[in-house]
Every structure is written in C-alpha cells, then in structure tokens.
Amino acid sequence: MAKATICLWFDKDARKAAEFYAATFPDSAVGAVHNAPADFPGGKQGDELTVEFTVLGIRCIGLNGGPIFPHSEAFSFQVATDSQEETDRYWNAIIGNGGAESACGWCKDKWGLNWQITPRVLTEAMAQGGDVAKRAFEAMMPMTKIDVAKIEAAVKGE
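Numbering of residues starts from 1 in each chain and follows the order in which that chain's sequence is written. In keeping with the model being predicted, local features are shown solely for residues with a pLDDT of at least 70 and side-chain atom pairs are shown and tallied solely at 80 or more, while totals for entire chains, interfaces and linings include all residues. Think of the side-chain values as coming from all heavy atoms in the structure, minus any hydrogens and water.

**Side note on the pattern of salt bridges**
Moving on, step 1. Only one rule defines a salt bridge in this text: a Lys or Arg side-chain nitrogen within 4 Å of an Asp or Glu carboxyl oxygen. In total, this model carries six salt bridges according to the counting rule given.
Moving on, step 2. A salt bridge links K108 to E73, with the nearest nitrogen and oxygen atoms 3.1 Å apart. Of this pair, K108 sits in strand β7 (residues 106-108) while E73 sits in the loop between β4 (58-64) and β5 (76-81), placing them 35 residues apart in sequence.
Moving on, step 3. E73 sits in the partly exposed class, given a relative accessible area of 43%.
Moving on, step 4. A salt bridge links D88 to K145, with the nearest nitrogen and oxygen atoms 3.0 Å apart. Of the two residues, D88 sits in helix α2 (residues 84-96) while K145 sits in the loop between α4 (130-140) and α5 (148-156), which places them 57 residues apart along the sequence.
Moving on, step 5. Exposed residues in this analysis have more than 50% of their type's maximum accessible area, buried residues have under 20%, and partly exposed residues fall in between, with area computed by a 1.4 Å probe over protein chains only. Looking at K145, the relative accessible area reads 27%, which means it is partly exposed.
Moving on, step 6. One salt-bridge network, held together by shared partners, links R15, E19 and E48. Numbered from the N terminus, helices here are DSSP runs of H or I no shorter than four residues, and strands are runs of E no shorter than two.

As structure tokens, this is what we get:
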C-alpha cells in the first residue's frame, strides 16, 4: 500500500465510478475490490466496501460508506489539458455520463465528485501575473467549459 492514498467516500457506487474514471482518463485503472467482513452503518456483510483504483496516476480508494458524507467542491481533481479537443473529451465524458456543468471549468460527475478541466494555456496565463493574468481571468469568468481560443485571444490582448 502506498504511504498516502486519497480516500473518496461514495454512497454505494465506488466501483462503477472507478470503472468510469479508468475508461475516461489515461494512466487510470481499477484494482482490488474488498467486501465488508461484517455489517456496518452504510451496508451489510458481503457488500462491496472498498475499491482500489488509480486516476491519472493518483492512487485512490473508494469507500462505499452510505449517503452520510456527500462530495463537495472542497475537493476536486484538476485535470490539465493541452488542447480544446482534450478539454472537450474529458468535459463531455463527465457531463454525458450524468454529470453537471459548473462555472470556470468545473464540472461534477454523477457521483458528486468535482473536476476542474483546465487547459494549460489558462494556468500558464495566470502564472504570468499582471495584465495577461487579468485578461485571461476575466475571459474565463463567464465560461462553463473553458474555451481555449478565447483564453489565447485574451492572453494576446485581442
């Protein structure tokens, strides 16, 4: 077991979520699934309790703990993309699988987990600071999915 692993609490569909992430993102896979050895507040003995998975190279454990702790925007995966095509692919996969759009490149998958699908052109512009960052930031604010061409135009001052 890795020294540090992200544990994500799910109501009951940790394996389905892990399978979706593995099918959607590179360097992702589903590992071992472990059943509960006894009854617990969110389920019964024999229910799937945890699933080990990797998403974008990050080791995770999905815990089927019941509905008591839903996901929130306090945690999100930020996915750096290199093109509009890659941005569209991840965004559309999440939204098209029962997810929901949010603002400024954020979206939520059908299990309530939050994702930031962020083109590198945006993060690079923000890192420059000054007027470039301000223009990129102002261009981003009204967006849901990030439009790479609009960010590039803002960086150039167009």
